[in-house]
Amino acid sequence: QQQQQQQQQQQQQQQQQHDAGLIAVVYDPSASACQRALDIVRSRESSLPPATRPTVKLLEWPSPAADAVLAGADAKLREQNLGRAYEMSGKMVAVLPSGLVLPDCHLDVMQLIYEMESVSMIQPPRPEMVARIEGHLAWLQALQKSGQPGMWWRAPQTISRVADALQDIAFCILDDFLPVDLAESLADGIMASRPQGLVGAEGRDGWTRGGTARAAEAISAGGDFEARNERLARALVNHTRGDILKYSDDEATMPGTRGLCSAVDELVLGLKDCPQVAARLENVDFANSAMCTIYPGGASRYIKHTDNSLMTDGRRLTTILYLNKGWEPGHGGQLRLFEPTMPSTTIKRDVEPVLNRLLLFWSTEEVPHEVLSSFRDRAAVSIWYICARECLHAEDSFKRLVTKCRCIGGQDRAARLCAAATSPAQAALLHVLGAEVRGGGTNGAEAMSSAEAQDRQEVLAAIAHDFGGCERNRRQRRRLDALFGWDERVARVEEEVQAAQVEQLKLFQQMGLPVPPGIRLGKPSIASSAPPLLTEEYVRRTQHRSESCKSVGVAESVAYADGLAAVPPGAVPTVEIEQEGAMPLVRAMAVPALFPDGIARILP
C-alpha cells in the first residue's frame, strides 16, 4: 500500500509538473464562437510535432478546474479589461505557463495559435552558429577582462572587431561598456523614476506604455472620441508588449543620458570608418532620443518582431544598454535573437540583460528578436541610429528626422542632412531645415536670407500641423512630396507587397482551389514587412484542411487565411474578412510557424 501510495503521489506530481507547462484554455461550451475557435485549436494541435504535444489543457466553464484558473488570472484579466471585472460567459481565455493571460480568444484565436506554435516549434541554436558567435565574442571578452570599464573598447582595432561581428553574425555584445559609476547612475535613475503600481494607457510621471501596431490602428480607426480612447487603452495593455518607457535627451530627464549617448555615438562613428560595415552605415548620422524602458516583473514581454523590416523608417542600427543589477537566469527578460528572417524559428542567441552590457544589432529582418517574459523589473536604454537618406523618402520618417532626431557626435546638423540629399534642390532645403536655432539667432544665419528663413518657418509649421489645417500647409506637403517622392515610394512598396500576395493567390488557382470566401486583397501599409512565404506544398495541405473545416463556417476561411492573409509586424491588415459576423482573425500580428515537415509560413 505504501508503494502504491508513493507511486500515486509521484504520478500526481509528474502530472502537476506536466500541466504547469501547458497553456490553460478556459471556454464556454455553450457559445458557438468558442466552439469555432476550439475546432481551430484542436486542428492545429493535431498537426504539431507529436513529441511536443499536448500544448494546451482545455477546461470547460463553469467547472472547479476552470474557476481555479480564472481566479489565479483575475488581476491580469481586470488589467486588460481596463479595471473592470471580466465576464466569462460566451468567451474563451488562455493562461500561459508564465502567468500571462490572453483574453477573448473566441474572437482572436490566432493569438492562442501563436503561443501553441511558440511552445512547439522553437529550435535551439545550430552548433555551427554557436561556434561562429563564440569566435567573435571570446576575443572581445578577453580584451574586456584585461581592460578598464568604459575604456577597453575604444581602440580602433577593437571597434574593427565589433564591425567583423556585425558583418558576420549581425550582432555584437560589449560588456563593461560604460564607466561603472555612470552605468550605476543610469540604473538607479531609471528605477527611482519608475512610477509605483500600474501605468495605465494614459501614462504617468512621464512614463507611457509601449505601443504596437494595434495602438496605431486604434488611433487611426473611425468612431467617436470615447470609443477610440477605449480601443487605444485596450491596445496598450495588450499581452504582446508589456514595457513602460520614457524618452530622455538631457540630464534633467534622466541622469547619465548624455554620457551614454556620447559613448555610443563614439562607437558608431568608429564603425562608420570600418570598411566591413561602412556602406551599411553611410548617412547614418542621426539618432533618436534615448528610450528608457522597464519591463515590470510579472511576465511582461515583447513578442517576436523586427525594428525596420521594409527599410522605410530610417532605423539602421539598434543599440541597447542593459541596467539590471544582480540579474539571475530565473529573473527572465533575456533578449532572444533569431536567425533571419521573421519565419525563422531557430534561436541564434539568448542575451542576458546584465548591468552595463551593450548589445548592437542590425534593425532589419536579419535580426528578428523578442523579449522573453520578465519576472523582475528589467531596465534598459535603447538608441536607434538612423539613416538620413532613407528617412527622406517616407513622410513620417522625414518629419521625425528634421524635428526630433539629433545629429550624433557633435557633427554639423545641416551638413549631414545635405550629405543625404540626392539633388541640389533637396540639399538647398535640407541646409535651411538643418540650421539650429541658438540664443535667438540661427547657426549659420549669416548665410540664410530672409526668404530662406521664412521658408524654414513655413515648412516646420506645416510639419507641426501634420500638413493639415489650411491650404498653405497642404501646399507644403505637395511640394515636399514632389521633391522627395513620398507617395511614389509608398506606391512602390505597396505594389511590391501586393504583387507578392497576387502570386500567392495564383498558387491557389494553379492547384485548382477556389479563392476563400469573404477574403479579398487589401491595400498594404508602408509599415508592412516583407511578404510571407506560401509554398505549393502548403497549398496542398490547406486543401484537405479546408475540407475538414467546412462544417465550421468561418473557419473555412481561416484555414486559408493562416497562410494567405499573413500580416507582418507593424502592418495594418492586408487581407480583410468581409463576411458579416466573421471572427476578426486577420489582423496585424505576424506569427512565425513551421509545419512538422519544415515548410515555413507566417500566420496572421
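No experiment lies behind these values; they were computed from the predicted model shown.

Rules and cut-offs
Residues numbered from 1 in each chain as written. Predicted model: local features only at pLDDT ≥ 70, side-chain atom pairs only at ≥ 80, totals over all residues. Heavy atoms only, no water. Helix = DSSP H or I, 4+ residues; strand = E, 2+ residues; numbered from the N terminus. Buried < 20%, exposed > 50% of the residue type's maximum accessible area, 1.4 Å probe, protein only. Areas by Shrake-Rupley, 256 points an atom, 1.4 Å probe, with all protein chains shown as cover. Pairing = 2+ DSSP bridges. Contact = heavy atoms within 4.5 Å. Axes fitted to C-alpha atoms, helices over the stretch in contact; angles between N-to-C directions. Parallel < 35°, antiparallel > 145°, perpendicular 65-115°, else oblique. Left-handed = near helix turned anticlockwise from the far one by under 90°. Nonpolar A, V, L, I, M, F, W, Y, C, P; charged D, E, K, R; others polar. Disulfide = S-S within 2.5 Å. pLDDT = per-residue confidence, 0-100. Salt bridge = Lys/Arg side-chain N within 4 Å of Asp/Glu carboxyl O. Core = buried A, V, L, I, M, F, W, Y, C linked by side-chain atoms within 4.5 Å. Expected span 1.5 Å × (residues − 1). Arc of directions from axis to C-beta. Bend = angle between axes of the 7 residues up to and from the residue. Phe/Tyr/Trp six-rings, centres within 6.5 Å; stacked < 30°, edge-to-face > 60°. Lys NZ or Arg CZ within 6 Å of the ring centre and 35° of its normal.

The secondary structure content of the chain amounts to 20 helices and 23 strands. Within the chain, buried positions represent 52% of all 604 residues. Accessible surface, the chain: about 25,800 Å² in total, of which carbon and sulfur atoms supply 51%.

If you trace the backbone, Pro 149 turns up in the loop between α6 (127-146) and α7 (156-169). By relative accessible area, which is 26% here, Pro 149 ends up partly exposed.

Looking now at the sheet that holds strand β4 (residues 101-102). Strand pairing within a sheet occurs via backbone hydrogen bonds; the two strands may be parallel or antiparallel. Overall, mixed pairing links the four strands, which are arranged β2-β1-β3-β4 in an open sheet. With partners counted over all chains shown, the strands left at the sheet margins are β2 (56-60) and β4, one partner each. Where strand β1 (residues 23-27) meets strand β3 (residues 92-95), four bridges bridge the pair, whose relative direction is antiparallel. In the sheet register, Tyr 27 faces β3, and the bridge partner there is Met 92. Strands in contact with helix α5 (residues 110-121) are β1, β2, β3 and β4; relative to β1, the strand with the most contacts, it is inclined by about 155°.

For the pair helix α15 (residues 424-434) and helix α17 (residues 471-484), interaxial distance at closest approach is 9 Å and the crossing angle is 130°. Taken together, the axis directions place α15 and α17 in an arrangement best described as oblique. Between α15 and α17 lies a crossing of left-handed hand. Mapping the contact onto sequence places Ala 425, Gln 426, Leu 429 and Leu 430 in α15 and Arg 479, Leu 480, Leu 483 and Phe 484 in α17. When grouped by side-chain class, the residues that make up the contact of α15 with α17 number six nonpolar, one polar and one charged.

Inspection of the entire model under this criterion finds zero disulfides. For the unlinked cysteine Cys 391, the closest cysteine sulfur is that of Cys 405, found at 6.0 Å.

With 75% of its residues at a pLDDT of 70 or more, the chain has an overall mean of 80. The model gives residues 438-442 a pLDDT under 50, and that stretch makes six contacts with residues more than four places away or in other chains. Within the model, the stretch residues 513-520 combines pLDDT values under 50 with 22 contacts to residues more than four positions away or in other chains.

A word on the pattern of salt bridges. Tallied over the full model, the rule gives 31 salt bridges. In this structure, Asp 74 engages Arg 78 in a salt bridge whose closest nitrogen and oxygen atoms are separated by 3.2 Å. Placement of both Asp 74 and Arg 78 in helix α4 (residues 74-80) is noted, with a separation of four residues, approximately one turn of the helix.

All right, on to the nonpolar core then. Leu 174, Phe 177 and Leu 271 are the most contacted members of the largest nonpolar core, which totals 67 residues. Per-element tally for this core: the top contributor is helix α11 (residues 257-272), with seven residues. If sequence neighbours within four positions are ignored, Phe 177 has contacts with Gly 150, Trp 153, Ala 263, Val 264, Leu 267, Leu 321, Asn 356 and Leu 358.

Now for helix α16 (residues 450-464). Here α16 contains 15 residues, and its C-alpha end-to-end distance of 21 Å stays within 8% of the 21 Å for a straight helix at 1.5 Å per residue. Among all positions of α16, only Asp 455, Arg 456, Val 459, Ala 462 and Ile 463 are buried. All buried residues of α16 lie within an arc of 135° about the axis, which places them on one face of the element. Exposed side of α16, more than 90 degrees from the buried face: Ser 450, Gln 457 and Ala 464 are the residues found there. Just downstream of α16 lies Asp 466, where phi reads positive at about 55°.

Cis peptide bonds are those with omega within 30 degrees of zero, and the linkage from Trp 61 to Pro 62 qualifies with 0°. Positionally, Pro 62 belongs in the loop between β2 and α3 (64-72). Along the chain, Pro 340 connects to Thr 341 via a cis peptide bond; the corresponding omega equals 0°. Although it is not a glycine, Ala 299 sits at a positive phi angle of roughly 80°.

Here four strands make up an open sheet; going across it, the order is β10-β15-β12-β13 and the pairing antiparallel. Looking along the sheet, the strands with just one partner apiece sit at the ends: β10 (300-305) and β13 (347-351). Taking each pair of neighbouring strands and ignoring which way they run, the sheet shows an average axis angle of 20°. Judged from the three bridges that link them, strand β12 (residues 335-338) and strand β15 (residues 369-374) form a sheet pairing that is antiparallel. Bridge assignment links Leu 335 to a residue of β15, and that residue is Val 371.

With that out of the way, let us pick up α6. A rise of 1.5 Å per residue sets the reference length of α6, with its 20 residues, at 28 Å; its end C-alpha atoms lie 28 Å apart and thus fit the reference within 8%. Of all bends in α6, the biggest is about 25°, found at Leu 137. Those residues of α6 that are buried lie in contact with α7, β5 (171-175) and β13.

So, on to the packing of aromatic side chains. Using the criterion set out here, one finds four aromatic pairs in the structure. On the basis of an interplanar angle of 40° and a centroid distance of 5.0 Å, the ring pair of Phe 398 and Phe 484 is categorised as tilted. Linking Phe 398 in helix α13 (residues 395-403) with Phe 484 in helix α17, this pair joins segments that are 86 residues apart in sequence. Given a relative accessible area of 0%, Phe 398 falls into the buried group. Considering the side-chain rings of Phe 467 and Trp 486, the 5.9 Å spacing of their centres and the 55° angle between planes classify their relative orientation as tilted. One end of the pair, Phe 467, is in the loop between α16 and α17; the other, Trp 486, is in helix α18 (residues 486-510), and 19 residues separate them in sequence. The same class applies to Phe 467 and to Trp 486, which are both buried. Here Arg 280 stacks its cationic end above the ring of Trp 362, 4.0 Å away from the centre of that ring. The side chain of Lys 304 reaches across the aromatic face of Phe 338, ending 4.3 Å from its centre.

In this section: the side chain of Asp 175. Its location among the elements puts Asp 175 in strand β5. Setting aside residues no more than four positions away along its own chain, Asp 175 makes contact with Gln 144, Trp 152, Val 354, Asn 356 and Arg 357.

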